[in-house]
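# Tertiary structure, described
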Amino acid sequence: MKKIPAPAKTSPHAPTIRSRLVLLVLACIVPASLMAAGLIYYDYKLSRESFVQSAIATARANALEIDKELAVVESALVALSTSPSFTSGDLKAFDAQARKLGARQNIFNIVLEDAGGQQLMNTFLPYGQPLPRNPDDLMLKYVLERDETVNSSLFIGPVSARHIVSVGIPVRDGKGKRYALTATIAAERFEAVLRQQSYPAHWITSVLDRNGLIVARSRDMKRFMGTSAIPQVRQRMHRQPEGAFETETLDGVPILAVMSKAGKSEWTVAIGIPLDRLSAEMNRKLWSLVLATAGLLGSSLFFAWLVGARIRRSLRGLIPPALALGAGERVEPASHGLREADDVAEAMAKASAMLREAKHQATHDVLTGIANRAMFTEFLARQLAIASRSLAQLSVLYLDLDNFKTINDTHGHAVGDALLISATGRLTAQLRKADMAARLGGDEFAVVLCDAGAAETATVVDKLVKLMAEPYRLAGLELQAAASIGVAVFPESGATVESLLAAADQAMYTAKAARKQVRRASSQDDAQSRPGGNYLG
């Protein structure tokens, strides 16, 4: 838990609000009114800043949703690239798998190209039809040159004639030949993401690609899709990841623009809040304070004394939740005796909840609740650094549920999801608190066994094999879904996150192909296995 710094000590001789109010009431009404106006303006600015910070937190959470949507497509491509049909060169079977994946993941089409720009597969066209060659394909060049996932900006597809976005990953077949596997998704997919958010009706939210083109918009999507955002937004999105400023929309509406850039895709979510609505809300609070203050100034000296004490307590009561919010701690709504202070406290509580939810969604699998790929990779990198310094060992397990696709297709996604949740429970039941399990996508899981050599890993693996092989009783059905497990041990099988995961993944697929339940990777790639789930070191 982060330590919250203590507030700075004030001078014991500094005047208090209570004493100032008494002096002002005793002196005259006009100076007191001016002081009250200053306090009201301060509260107005504080409320507005709190509102802006809350809106920025909303934009930030939405930017994470955009990255998450692109990551779903990337994960689908990664899973598809591990297909035995691809590694063996059976493009017809691979094309069929890609079409099923596209239909399931709402992907417009999937294209496989070689390094020369020749398309070998395009699910938009019937299999076997002659495919074009485009050696100047920029997407292909970026994917192969960078050797990493590349997300395109918004563009109009030459065949579909509609606004689309591409996600491409580098892949290699069984002979090590390099290809680019690209998925194309319609811009309307991001409009659906915006529709899922709970915005006030008068907010206008846009998703901008890295070039400042509008990919999706919560209002008048068809009218503005593909057009450039206003110049102020385009300039600021290249200078800073987040911010808020006043400007006008493309159709001339004065707004408070709040923006946040997604970390991975570098796309930006911009929220436009009409200034007339925002000012009306703030002015209502302002005038209510003015009237209340005027009444207080006409009260007796004793009443002014009590009011000063109440204001002081309310303002001081906001210090702990504000410091807790800055430190990332949970902030609960609380009453501080003043409506404005309560509004600020409630806004801080909402901002705290949104930050925690965004952090959780970014690091955990939605279905099973365990870690996702991003959190797993970060955890493994930390453990590798610790193991390298302490000369310790650790193991990485890569698991794939046998028969999952058949069960999922036969009994439906509800049963398939229940099977994944039940399998997750079995998996985590065998781990220590220091270990971590993650769902990488579909029915594939990974485990890090910290400070575990071959003997300790063998014990855990044998238990897992036996437990995962036991029948699942779900929805009145008895299902068999044993796990194929690939094992990689640091440092024998690899010394980096990528090499260990690749070794464990390859070992798992080798075990699955050989119908053995366990396969251990080694630096010589001469892993051995035997039936019955026994682990061989």
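Residues numbered from 1 in each chain as written. Predicted model: local features only at pLDDT ≥ 70, side-chain atom pairs only at ≥ 80, totals over all residues. Heavy atoms only, no water.

Of all 5 residues that make up strand 7 (residues 204-208), 5 are buried, and the element is covered over most of its length. Taking every second residue as pointing to the same face, both faces of strand 7 are buried, with Ile204, Ser206 and Leu208 on one and Thr205 and Val207 on the other. Pairing between strand 7 and strand 11 (residues 268-274): 5 bridges, direction antiparallel. Bridge assignment links Val207 to a residue of strand 11, and that residue is Val269. For strand 7 and strand 8 (residues 214-217), the ladder comprises 3 bridges, and the chain directions are antiparallel. Bridge pairing in strand 8 links Ser206 to Arg217. Between strand 7 and the antiparallel strand that follows it, strand 8, lie 5 residues; Gly212 among them carries a positive phi value of about 85°. (Buried < 20%, exposed > 50% of the residue type's maximum accessible area, 1.4 Å probe, protein only. Helix = DSSP H or I, 4+ residues; strand = E, 2+ residues; numbered from the N terminus. Pairing = 2+ DSSP bridges.)

A few words now on the pattern of salt bridges. Scanning the model with the defined rule gives 15 salt bridges in all. Measuring nitrogen to oxygen at the nearest pair gives 3.9 Å for the salt bridge that ties Asp220 to Arg223. According to the relative accessible area criterion, Asp220 is partly exposed, its value standing at 36%. One connected set of salt bridges, linked through shared partners, spans Asp400, Asp402 and Lys512. (Salt bridge = Lys/Arg side-chain N within 4 Å of Asp/Glu carboxyl O.)

So, about the packing of aromatic side chains. As enumerated under the stated definition, the model contains 5 aromatic pairs in all. Here Phe86 and Phe94 contribute two aromatic rings whose centre-to-centre distance is 5.2 Å and whose plane-to-plane angle is 35°, an arrangement assigned as tilted. The two residues Phe86 and Phe94 agree in class, both being buried. The interplanar angle of 75° and the centroid separation of 5.8 Å between the aromatic rings of Phe86 and Tyr179 together place this pair among those described as edge-to-face. Within this pair, whereas Phe86 is found in helix 3 (residues 84-88), its partner Tyr179 is found in strand 6 (residues 178-186), the two being separated by 93 residues in sequence. Across this residue pair, the class does not change: Phe86 and Tyr179 are buried. Through successive ring pairs, a cluster of aromatic residues spans Phe86, Phe94 and Tyr179. Its guanidinium or amino end placed over the ring of Phe245, Arg236 lies 4.1 Å from that ring's centre, counting from NZ or CZ. (Phe/Tyr/Trp six-rings, centres within 6.5 Å; stacked < 30°, edge-to-face > 60°. Lys NZ or Arg CZ within 6 Å of the ring centre and 35° of its normal.)

So, about the confidence of the model for the protein. Across the protein, pLDDT averages 82, with 85% of residues at or above 70. Element-level mean pLDDT values for the protein span from 65 in helix 1 (residues 17-27) up to 94 in strand 14 (residues 444-449). (pLDDT = per-residue confidence, 0-100.)

Turning to the sheet that holds strand 18 (residues 518-520), a few remarks are in order. Spatial strand order, 13-14-12-17-18: 5 strands in an open sheet with mixed pairing. Sheet topology places strand 13 (436-441) and strand 18 at the edges, where each strand pairs with a single neighbour. The sheet shows a mean angle of 20° between the axes of neighbouring strands, direction not considered. Relative to strand 14, strand 12 (residues 394-401) runs antiparallel, the two being bridged by 6 bridges. Within strand 14, the residue paired with Val396 across the bridge is Val448. Where helix 15 (residues 413-429) meets the sheet, its contacts fall on strand 12, strand 13 and strand 14, and the angle it forms with strand 14 comes to roughly 15°. Its contacts with the sheet place helix 16 (residues 454-469) against strand 12, strand 14, strand 17 (483-490) and strand 18, and it is angled at close to 170° to strand 17. (Axes fitted to C-alpha atoms, helices over the stretch in contact; angles between N-to-C directions. Contact = heavy atoms within 4.5 Å.)

The 5 strands are arranged 8-7-11-10-9 in an open sheet whose pairing can be described as antiparallel. Taken across any chain shown, the strands that pair with only one partner, and hence form the sheet edges, are strand 8 and strand 9 (242-248). Taking the axes of each pair of neighbouring strands and ignoring which way they run, one obtains an average angle of 25° across the sheet. Both strand 9 and strand 10 (residues 254-261) contribute to a ladder of 7 bridges, which runs antiparallel. Bridge pairing in strand 10 links Thr247 to Ile255. In the packing of helix 6 (residues 188-195) onto the sheet, contacts are made with strand 7 and strand 8, and the angle to strand 8 comes to roughly 40°. Its contacts with the sheet put helix 8 (residues 231-239) on strand 7, strand 9, strand 10 and strand 11, and the angle it makes with strand 10 is roughly 25°.

This part is about the packing of helix 14 (residues 404-411) against helix 15. Interhelical geometry of helix 14 versus helix 15 gives an angle of 140° and a closest axis separation of 6 Å. Between helix 14, through Phe404, Ile407, Asn408 and His411, and helix 15, the contact on the second element is made entirely by His413, Val415, Gly416, Leu419 and Leu420. Tallied by class, the residues present in the contact of helix 14 with helix 15 amount to 5 nonpolar, 4 polar and no charged. (Nonpolar A, V, L, I, M, F, W, Y, C, P; charged D, E, K, R; others polar.)

On to the pairing of strand 11. Within strand 11, 7 of the 7 residues are buried, which leaves the element mostly enclosed by the surrounding structure. Residues of strand 11 alternate between two faces, with Thr268, Ala270, Gly272 and Pro274 on one and Val269, Ile271 and Ile273 on the opposite face, all of them buried. With 7 bridges joining them, strand 10 and strand 11 adopt antiparallel strand pairing. Bridge pairing in strand 11 places Ile255 opposite Pro274. Linking strand 10 to strand 11, which pair antiparallel, is a turn of 6 residues; within it Glu266 sits at a positive phi near 65°.

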